[in-house]
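Architecture and fold: a report
Listed below, chain by chain, are the residues.
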Amino acid sequence: MTGTGTNEDVFDEELFEIIRGTYRDMQLRVPLAHIQRRHHRVARWALAPGRIRLVFAAALAVMAVAVGSWLLIGRTAGGSGQVPASPLPSTSEPAQGKPARPTSSSTTDEGRCADYVRAELDATQRGGEAIPPLRLTLAEGQTRLLIFADDGGAITCWLFGDTFAVQGSPTAVNATAYPIGQLSYSSEDSGQDWGGVAFGRVPPGTTNVTISFPSGPDVAATVNGEWFAYFAPPGADSNRLADATKVTATTSNGDVSQLIQHG
Amino acid sequence: MVGDFAEFYAARKDAVLRAVVAATGDRAGAEDAVAEAFTRAYVRWARVAEHPSPTAWVIRTALNAYRSWWRRLRRERPRGEMAAVAGPGADGHDTDTDVDIRRLIADLPSRQREVLALRVLADLPAHEVGAVLGIEAATVHVHLHRALQALRQRLLPSQPFSADDKSEAEMGGL
């Protein structure tokens, strides 16, 4: 038995070398300077507490200006007095072409997310596009997740305390991701250790949706009309989403299933 | 601090890319995800540098970034198409054997592929592989064993191993 193990070890090492050799010419062709420049974009989505306070203070200042303008306009023009719902302009636009940092004066998650998503769309020259309707809202602990989706794509807005992350259509090419009346499935990780989510669309009349894994029990998703979502807390459960094998929708006409392929 | 990051980046960027390419089977997506992960590491370098394994941290972040839904929607495809996406290598030096082996790796179940990539190409110890993937070290060994067994079975008829190696392998019940 010992001899067998030794032979396997030797053979494994040889196989390791063959595998390494197969990938030997692959090199990341991204210069360090590019990484260092890119960090300004990432920093938008991972605001440090000090930055949050700075943004909050700046937002308050802009709010004060907006309210002052509203009072002035309301008095002189006899307007309705409603504060415009559009997102506030960035209050800390950095020099030399750094992207605007999304801010929001909204006090609701939906309002904040709408502002963040709008800013993201604007930043990608898709400012004329409408934000998809809000389909689902999930919350667990400090994490809240809002899913905006239609048959042309989806945008997720993750909120954790005062920090946020927006992912989705601004950079996606998924013209028919969630066709009406069909079962569809996608999943994503927050990218911030806040957990992951699987979501998609279901046929009309769906009452239950379950997601299956190669090991362990199925999980039941939340269904809201023609949409479903399952929130996986950070850790092993979140990582498990990458191994999901099947999604099944239970409808009045029977079960509809779709096998999940992982890239 | 930046100097430390620069050293880390220079030393590990290629190994991380190879591991993520092998784990995902998607060269272009892996490049994006790895660049994103190193960027996040740069932003948080003071904290990442204290991590028991900064390389594991970057790989985990890259895999998480890759798994974000929009990347997957763009690139999810039947498994058989993955090898074509994974290659050819950047410098165009791929041999037919390289492509064949990458195709075999791409055909492995996803967890075996990830374990193999992290253990062999990123050279992470089993407990760090487990930490990246959220599984026990013992499970890492099981997946690695199965992955190697599958590769051996498919490679043995065609790979130019020495007669002694092949003989030993056969004696060992491989």
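Source: prediction; values computed, not measured.

The next thing to look at is the packing of helix 2 (residues 27–43) of chain B against helix 4 (residues 54–67) of chain B. Residues and elements named next belong to chain B. Where helix 2 contacts helix 4, the two axes come as close as 8 Å, and the packing angle between them is 130°. When the axis of helix 2 is compared with that of helix 4, the two are oblique. Of the two possible hands of crossing, helix 2 and helix 4 adopt the one that is right-handed. Only W57, V58, T61, A62, A65 and Y66 of helix 4 make contact with helix 2, whose side of the interface consists of G29, A30, A33, V34, E36, A37, F38, R40 and A41. Among the residues forming the contact of helix 2 with helix 4, the class breakdown is eleven nonpolar, two polar and two charged.

Another point: unusual backbone geometry. Among all residues save glycine, negative phi is the norm, and among peptide bonds the norm is trans. Of note in the backbone geometry, D123(B) takes a positive phi value of approximately 60° without being a glycine. When you line up the elements, D123(B) lands in the loop between helix 8 (110–121) and helix 9 (126–133).

This next bit is on the side chain of T55(B). Its location among the elements puts T55(B) in helix 4. Non-local contacts of T55(B), meaning those with residues more than four positions away in its chain, are made with F8(B), R12(B), V16(B) and L124(B).

Take the pairing of strand 11 (residues 246–251) of chain A next. Residues and elements named next belong to chain A. Both strand 7 (residues 208–212) and strand 11 contribute to a ladder of five bridges, which runs antiparallel. Of the residues in strand 11, the one forming a bridge with N208 is T250. The pairing of strand 11 with strand 12 (residues 254–259) spans six bridges and is antiparallel. Bridging across to strand 12, T251 finds its partner in G254.

Residues and elements named next belong to chain B. Along the chain, the position of E128 falls in helix 9. Of the side chains with opposite charge, R12 lies nearest to the buried E128, which makes no salt bridge, at 7.6 Å. If we skip the residues at most four places from it in the chain, E128 touches P52, S53 and A56.

Let us now look at helix 2 of chain B. With 17 residues, helix 2 of chain B ought to run about 24 Å at 1.5 Å a step, and its terminal C-alpha atoms sit 24 Å apart, in line with that. By the criterion of burial, helix 2 of chain B is predominantly enclosed, with 14 of the 17 residues buried.

A few words now on the pairing of strand 3 (residues 153–160) of chain A. A regular strand places its side chains on the two faces of the sheet in alternate fashion. Residues and elements named next belong to chain A. Counting buried residues in strand 3 gives seven out of eight residues, a clear majority hidden from the surface. In this structure, strand 2 (residues 143–150) lies alongside strand 3, joined through eight bridges in antiparallel fashion. Its bridge partner being in strand 3, L145 is matched across the sheet by W158. What sits between strand 2 and strand 3 in their antiparallel hairpin is a turn of two residues.

So, how was this worked out
- Think of each chain on its own: its residues are numbered from 1, step by step along the sequence as written.
- The naming scheme follows written order: chains are lettered A onward, ligands numbered 1 onward.
- For a predicted model such as this one, the threshold for reporting local features is a pLDDT of at least 70, and the threshold for listing and counting side-chain atom pairs is 80 or more; totals across whole chains, interfaces and linings nevertheless cover every residue.
- Side-chain metrics rest on all non-hydrogen atoms present in the structure, leaving aside hydrogens and water.
- Comment: axis = line fitted to C-alpha atoms, over the contacting stretch for helices; angle = value between 0 and 180 degrees taken between N-to-C directions.
- Only runs of H or I of at least four residues qualify as helices and only runs of E of at least two qualify as strands under DSSP, and these elements are numbered from the N terminus.
- Here is the rule for angles: anything less than 35 degrees is roughly parallel, anything more than 145 is roughly antiparallel, 65 through 115 is roughly perpendicular, and the remaining ranges are oblique.
- Should the near helix be turned counterclockwise from the far one by less than a right angle, the crossing is left-handed, whereas a clockwise turn marks it as right-handed.
- We call two residues in contact when some of their heavy atoms are within 4.5 Å.
- Think of it as three bins: nonpolar holds Ala, Val, Leu, Ile, Met, Phe, Trp, Tyr, Cys and Pro, charged holds Asp, Glu, Lys and Arg, and polar takes everything else, Gly as well.
- DSSP bridges decide pairing: two strands pair if at least two such bridges lie between them.
- When accessible area is computed with a 1.4 Å probe and restricted to protein chains, residues below 20% of their type maximum are described as buried, those above 50% as exposed, and intermediate ones as partly exposed.
- Only four residue types enter the charge count: Lys and Arg as positive, Asp and Glu as negative, with His and the chain ends excluded.
- Here, a salt bridge means any Lys or Arg side-chain nitrogen found within 4 Å of an Asp or Glu carboxyl oxygen.
- For a helix, the expected span equals 1.5 Å multiplied by the number of residues minus one.

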